[in-house]
Amino acid sequence: MGSLKQTIGRKAGMAGYILGALCLVAVAGAAAQSAAAEQPGIVLVKLGIADMSKAEQTNLWKLVDEYATVDALQEFCGTKLNLQRRAWVAVASCVEPASLKKVFAKFRTKKSEYLKQWQTLHGEAEAKKNVCERFKPKLAEYTKIMSGQIEQAATACRNCFFC
């Protein structure tokens, strides 16, 4: 097991990819909708987890876990990104709601577990202050990465020339 710093660094580096995975599903769904819209009698649908390969699904769940880890640390240190709400708004038009609900349920569960672990390990005021100060520069970087990926996902879903 690596140090806490290594673990968080790895988690944060990978955290951005969950929205990327959802974005890929969204873009693929949008492309399918465009082709379908040109053919009469075809019903437009949103794509979801079932449309992903097993390898893509495995990677998605790994990334959900990593996003939850980073978001839990951010919340522990006083930064609430409203990541779930923002991600939902970003990709809801391209990804089926049931898949999003499943992803976000897993995210909430994992985040809650990690937040509890952070509080258990570093819940005392001085320990919390030390951890948060140590990760303060990285937390700003994580926030920027996560916000950027949410915006990328939203842009992909809005761009009709990809739909």
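Residues numbered from 1 in each chain as written. Predicted model: local features only at pLDDT ≥ 70, side-chain atom pairs only at ≥ 80, totals over all residues. Heavy atoms only, no water.

A. Main features of the nonpolar core. Counting 35 residues, the largest nonpolar core has Leu73, Leu83, Val91 and Trp118 as its most contacted members. Breaking this core down by element, the ones donating at least two residues are α3 (54-76), α4 (83-91), α5 (97-122) and α6 (125-158). It is α6 that provides the largest number of residues to this core, a total of 10 residues. (Core = buried A, V, L, I, M, F, W, Y, C linked by side-chain atoms within 4.5 Å. Buried < 20%, exposed > 50% of the residue type's maximum accessible area, 1.4 Å probe, protein only. Helix = DSSP H or I, 4+ residues; strand = E, 2+ residues; numbered from the N terminus.)

B. Geometry of the pattern of salt bridges. Inspection of every chain in the model, using the stated rule, returns five salt bridges. For lysine 111, the salt bridge is made with aspartate 71, and the minimal N-O distance between the two is 2.9 Å. You can see lysine 111 sitting in helix α5 and its partner aspartate 71 sitting in helix α3, a full 40 residues away along the chain. With a relative accessible area of 17%, lysine 111 lands in the buried category. Overall, aspartate 71 belongs to the buried group, its relative accessible area being 2%. (Salt bridge = Lys/Arg side-chain N within 4 Å of Asp/Glu carboxyl O.)

C. Inspection of the packing of aromatic side chains at higher detail. Under the counting rule described, the total for this entry stands at three aromatic pairs. Arranged with centres 6.5 Å apart and planes meeting at 80°, the rings of tryptophan 118 and phenylalanine 135 form a pair that is edge-to-face. With tryptophan 118 in helix α5 and phenylalanine 135 in helix α6, this residue pair connects regions lying 17 residues apart in the sequence. Between lysine 128 and the ring centre of phenylalanine 76, over which it is positioned, the NZ or CZ distance is 5.0 Å. (Phe/Tyr/Trp six-rings, centres within 6.5 Å; stacked < 30°, edge-to-face > 60°. Lys NZ or Arg CZ within 6 Å of the ring centre and 35° of its normal.)

D. Looking closely at the state of the cysteines. One pass over the structure, following the stated rule, counts one disulfide. Here cysteine 77 is linked by a disulfide to cysteine 132, with a sulfur-sulfur distance of 2.1 Å. Handedness of the cysteine 77-cysteine 132 disulfide follows from its S-S torsion of about -90°: it is left-handed. One end of the pair, cysteine 77, is in the loop between α3 and α4; the other, cysteine 132, is in helix α6, with 55 residues separating them in the sequence. Cysteine 132 sits in the buried class, given a relative accessible area of 13%. (Disulfide = S-S within 2.5 Å.)

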